[in-house]
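Observations on chain architecture
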Amino acid sequence: MEVPILKQSDYLIATIQAALTDEDLLKLHYALVEQVGKHRSRGVIIDVTALDIMDSFATRTLRSLVHMVKLRGADTVICGIQPEVAFTMVQLGLTLEGISTALDLEEGLALLTTSNNKKRKI
Amino acid sequence: MDGGSTIAITSDSDIIVARELGRRVGRELDFSLTDLTIIATVISELARNIIIFAKHGDMIIETIRHGKKVGIVITAVDKGPGIPDIFLAMQDGYSTGKGLGLGLPGVRRLMDEFEIFSETGKGTRVSVKKWLM
Ligand SMILES: Nc1ncnc2c1ncn2[C@@H]1O[C@H](COP(=O)(O)OP(=O)(O)OP(=O)(O)O)[C@@H](O)[C@H]1O
Ligand SMILES: [Mg+2]
């Protein structure tokens, strides 16, 4: 199942809607890195509310995605990690160190907007 | 132990099928949402190891009864290359691939019982249990 990517002003929003195969996740990775360049986006939000697990492969892929998007000049926020998913990740030893996370889409957008406003002032 | 179900793991979409079956069996036993998430994650890690290191194999999901105790048993078997040094493979951060090296040690932390047998050139079998408390 492919993940739809929505463009909203300066941002790209990818909402994962069901369990993803490894291939789907890699496709999302490439698509986002490409679209950030194409639309000159300043931020990316990945909404993982519907994701029922986050294993080592998903974590590694998301981390690499965030780093590549960063190299293309945009920030990423991952939002909607469910409490039981977070609990399992911690026990597995998986971390999203250095990656911004938010409770939901709204908070994620707010986070991106504040960080962009700060950048503009500098 | 009941007959259980076996799922052939040959591609990454089989990982999702196995995960869903594990959830279904766990739900029938009345495991909590957190435990169901743990069960699905463990299946994902073991099935992915099969795909990456052995190309194909089987996931077996069974329920187990021991007196009053009820639980789920998840077994991953393959006839792949085997693991030359199990002690090393069980260390956090050890990976011969591109992984984070957290799958096996993480699975051990997440489950109540953990067994691994592996023979170089013959294959690997990982069997884990979670009891319903
Ligand atoms: N079924 C298997 N057959 C052969 N070797 C295996 C198998 N499962 C694990 N291994 C070996 O054990 C090592 C550790 O496995 P583990 O799952 O902990 O880490 P990984 O798969 O490399 O990375 P991660 O799971 O974090 O993505 C692997 O790198 C591999 O060398
Ligand atoms: Mg692994």
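Notes on the structure follow.

Remarks on the pattern of salt bridges
- With the rule as written, the count across this model stands at 10 salt bridges over all chains.
- With a closest N to O distance of 2.6 Å, Arg48 of chain B and Asp22 of chain A form a salt bridge. Of the two residues, Arg48 of chain B sits in helix H2 (residues 33-54) while Asp22 of chain A sits in helix H1 (residues 22-39), which places them in two different chains.
- Residue Arg48 of chain B is classed as buried on the basis of its relative accessible area of 6%.
- One salt bridge connects Asp52 of chain A with Arg19 of chain B, and the closest N-O pair in it is separated by 4.0 Å. Of this pair, Asp52 of chain A sits in the loop between strand S3 (43-47) and helix H2 (56-71) while Arg19 of chain B sits in helix H1 (residues 12-28), placing the two residues on different chains.
- Here the salt bridges share partners, and the residues they tie into one network are Asp22 and Asp55 of chain A together with Arg48 of chain B.

With respect to H2 of chain B
Residues and elements named next belong to chain B.
- A rise of 1.5 Å per residue sets the reference length of H2, with its 22 residues, at 32 Å; its end C-alpha atoms lie 31 Å apart and thus fit the reference within 8%.
- Taking burial as the measure, the 22 residues of H2 include 16 buried ones, the bulk of the element.
- One or two positions beyond H2, positive phi appears at Lys55, with a value near 70°.

Description of the environment of Glu2 of chain A
Residues and elements named next belong to chain A.
- Note that Glu2 resides in the segment before strand S1 (5-8).
- A residue is classified by how much of its surface remains accessible, and Glu2, at 59% relative accessible area, is exposed.
- It is 24 Å that separates the C-alpha atoms of Glu2 and Met89, two residues lying 87 residues apart in sequence.

So, the pairing of strand S3 (residues 69-78) of chain B
Residues and elements named next belong to chain B.
- Taking burial as the measure, the 10 residues of S3 include eight buried ones, the bulk of the element.
- Pairing of strand S2 (residues 57-66) with S3, which is carried by 10 bridges, proceeds in the antiparallel orientation. Across the sheet, the residue bridging to Asp58 is Val77, located in S3.
- Sheet topology note: the S3/strand S5 (residues 123-131) ladder contains eight bridges and is antiparallel. By the bridge assignment for S5, Val73 is matched with Lys129.

Considering the sheet that holds S2 of chain B
Residue and element names in this part refer to chain B.
- Across the sheet, which stays open at both edges, the five strands sit in the order S1-S2-S3-S5-S4 with antiparallel pairing between neighbours. Edge strands, defined here as strands with exactly one partner in the open sheet, are strand S1 (5-9) and strand S4 (113-119). For this sheet, the mean angle separating the axes of adjacent strands, direction not counted, is 15°.
- Seen against the sheet, H2 touches S1, S2, S3 and S5 and runs at an angle of roughly 15° to S3.
- Helix H4 (residues 103-110) rests against S4 and S5 of the sheet, and its axis sits at about 150° to S4.

Rules of the game
Residues numbered from 1 in each chain as written. Chains lettered and ligands numbered in written order. Predicted model: local features only at pLDDT ≥ 70, side-chain atom pairs only at ≥ 80, totals over all residues. Heavy atoms only, no water. Salt bridge = Lys/Arg side-chain N within 4 Å of Asp/Glu carboxyl O. Helix = DSSP H or I, 4+ residues; strand = E, 2+ residues; numbered from the N terminus. Buried < 20%, exposed > 50% of the residue type's maximum accessible area, 1.4 Å probe, protein only. Expected span 1.5 Å × (residues − 1). Pairing = 2+ DSSP bridges. Axes fitted to C-alpha atoms, helices over the stretch in contact; angles between N-to-C directions. Contact = heavy atoms within 4.5 Å.

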